[in-house]
Amino acid sequence: REEFLEKTLMEIRPQEEIPRTASAIDLIIEENWDYNDYHKHIKKDGSVMEVETFAARIMMDNKPYVLTAVIDITERKLNENKITQAIIKTQEDERYEIGGELHDNVGQILAAAKMSLGMMKQELPQSLSEIYQQTLQSVDLATDEIRNLSHRLAPVFFREGSLKVSFERLL
């Protein structure tokens, strides 16, 4: 504790953040700026920790000082990252499930409809031939659209190999 309290702010900040820190201090003192931002501090062992800093100017004996509260947010950031990863995974899983349902279930229904249309063809009068072809084309179009949509939601190539193989297939 004593060793830490003997250090200046600039001694616990990474070199690349010193100009930003100095500028913030000037704004706090000269313009009475209330300050809140995220920074990195260097620990005694040289590792870096993330902190949230709150600062404001106070006057004592007509001399300006900067009152600062610093909160270690390393654990909070780790938890936020875990939550973000969980949300992304849940969304990806949902997309794969929807894509699979579209491809497997709706695709099968359309395939059965196409087979039924094929069985009907022999029994249709010539006057319905054009309507039959339009209906068959609509079913084919719907099948293609469902396949494309399901592959965008759940691309098969990502589940079956490396990223390099996936790119090679795409290219």
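Coordinates for the structure precede this section.
In this text, all values refer to a predicted model and were calculated from it rather than measured experimentally.

Rules used throughout
Residues numbered from 1 in each chain as written. Predicted model: local features only at pLDDT ≥ 70, side-chain atom pairs only at ≥ 80, totals over all residues. Heavy atoms only, no water. Helix = DSSP H or I, 4+ residues; strand = E, 2+ residues; numbered from the N terminus. Rg over C-alpha atoms; globule rule 2.2 N^0.38 Å. Contact = heavy atoms within 4.5 Å. Lys, Arg positive; Asp, Glu negative; His and termini not counted. Charge placed at Lys NZ, Arg CZ, Asp CG, Glu CD. Pairing = 2+ DSSP bridges. Expected span 1.5 Å × (residues − 1). Patch = residues over 30% accessible without salt bridge, like charges linked within 9 Å, V, L, I, M, F, W, Y side chains within 5 Å. Areas by Shrake-Rupley, 256 points an atom, 1.4 Å probe, with all protein chains shown as cover. Salt bridge = Lys/Arg side-chain N within 4 Å of Asp/Glu carboxyl O. Buried < 20%, exposed > 50% of the residue type's maximum accessible area, 1.4 Å probe, protein only. Axes fitted to C-alpha atoms, helices over the stretch in contact; angles between N-to-C directions. Polar contact = N/O pair within 3.5 Å; in protein donor to acceptor, adjacent residues only side chain to side chain. Core = buried A, V, L, I, M, F, W, Y, C linked by side-chain atoms within 4.5 Å.

1. Considering the overall build of the protein chain
So, point 1. A count of helical and extended segments in the protein chain gives 6 helices and 3 strands.
So, point 2. In the protein chain, the succession of α and β elements from N to C terminus is α-α-β-β-β-α-α-α-α.
So, point 3. For 171 residues, the compact-globule estimate of 2.2 N^0.38 gives 16 Å, and the protein chain exceeds it by more than 25% at 32 Å.
So, point 4. Taken over the C-alpha atoms alone, the protein chain extends approximately 105 × 35 × 25 Å along its principal axes.
So, point 5. Within the protein chain, contacts between residues at least 6 apart in sequence are counted, and of these 39% link residues at least 24 apart.
So, point 6. The positive charge centre, built from 21 side chains, and the negative charge centre, built from 31, are 3 Å apart in the protein chain.

2. Observations concerning the pairing of strand 3 (residues 63-72)
Every other side chain in a regular strand lies on the same face of the sheet, so the side chains alternate between the two faces.
So, point 1. Bridge count between strand 2 (residues 48-60) and strand 3: 10 bridges; the pairing is antiparallel. Looking across to strand 3, one finds that E52 is bridged to I71.
So, point 2. Counting the residues between successive antiparallel strands, the hairpin from strand 2 to strand 3 contains 2 residues, one of them, D61, with a positive phi of roughly 55°.

3. A closer look at helix 4 (residues 129-153)
So, point 1. Relative to the 36 Å expected for 25 residues at 1.5 Å per residue, helix 4 spans 36 Å between its end C-alpha atoms, a close match to the ideal helical length.
So, point 2. Where the residues of helix 4 are buried, they touch helix 3 (74-120).

4. Examining a negative patch on the surface
So, point 1. The grouping of E94, E97, E101 and D104 at the surface amounts to a negative patch.
So, point 2. In this structure, E94 sits in helix 3.

5. Regarding unusual backbone geometry
So, point 1. You will see that D61, though not glycine, has its phi angle at about 55°, which is positive.
So, point 2. For D61, the position within the fold is in the loop between strand 2 and strand 3.
So, point 3. The phi dihedral of N62 is positive, around 60°, even though this residue is not glycine.
So, point 4. Positionally, N62 belongs in the loop between strand 2 and strand 3.
So, point 5. With a relative accessible area of 75%, N62 lands in the exposed category.

6. Focus on the sheet that holds strand 2
So, point 1. As summarised here, the arrangement of the 3 strands in space is 1-2-3, forming an open sheet in which the pairing is antiparallel. Taken across any chain shown, the strands that pair with only one partner, and hence form the sheet edges, are strand 1 (35-42) and strand 3. Ignoring strand direction, the axes of neighbouring strands in this sheet form an average angle of 40°.
So, point 2. With 8 bridges connecting them, strand 1 and strand 2 associate as antiparallel partners. Residue pairing for strand 2: Y38 is matched across the bridge by E52.
So, point 3. The sheet contacts of helix 3 involve strand 1, strand 2 and strand 3, and relative to strand 2 the element is tilted by about 130°.

7. Things to note about the environment of R57
So, point 1. Within the secondary structure, R57 is located in strand 2.
So, point 2. Using a relative accessible area of 28% as the deciding quantity, one classes R57 as partly exposed.
So, point 3. For the pair R57 and S23, spaced 34 residues apart in sequence, the C-alpha to C-alpha distance is 14 Å.
So, point 4. In this structure, R57 is in contact with I28, I29, E30, N32, P64 and Y65, ignoring residues within four places of it in sequence.
So, point 5. At a separation of 2.8 Å, a polar atom in the side chain of R57 contacts the main-chain carbonyl oxygen of I29.

8. Comments concerning the nonpolar core
So, point 1. Counting 7 residues, the largest nonpolar core consists of L102, L110, L117, Y132, L136, V139 and I146.
So, point 2. Of all the elements in the fold, those that place two or more residues in this core are helix 3 and helix 4.
So, point 3. No other element matches the 4 residues that helix 4 contributes to this core.
So, point 4. Residue contacts for L117: discarding those within four places in its chain leaves Y132, T135, L136 and V139.

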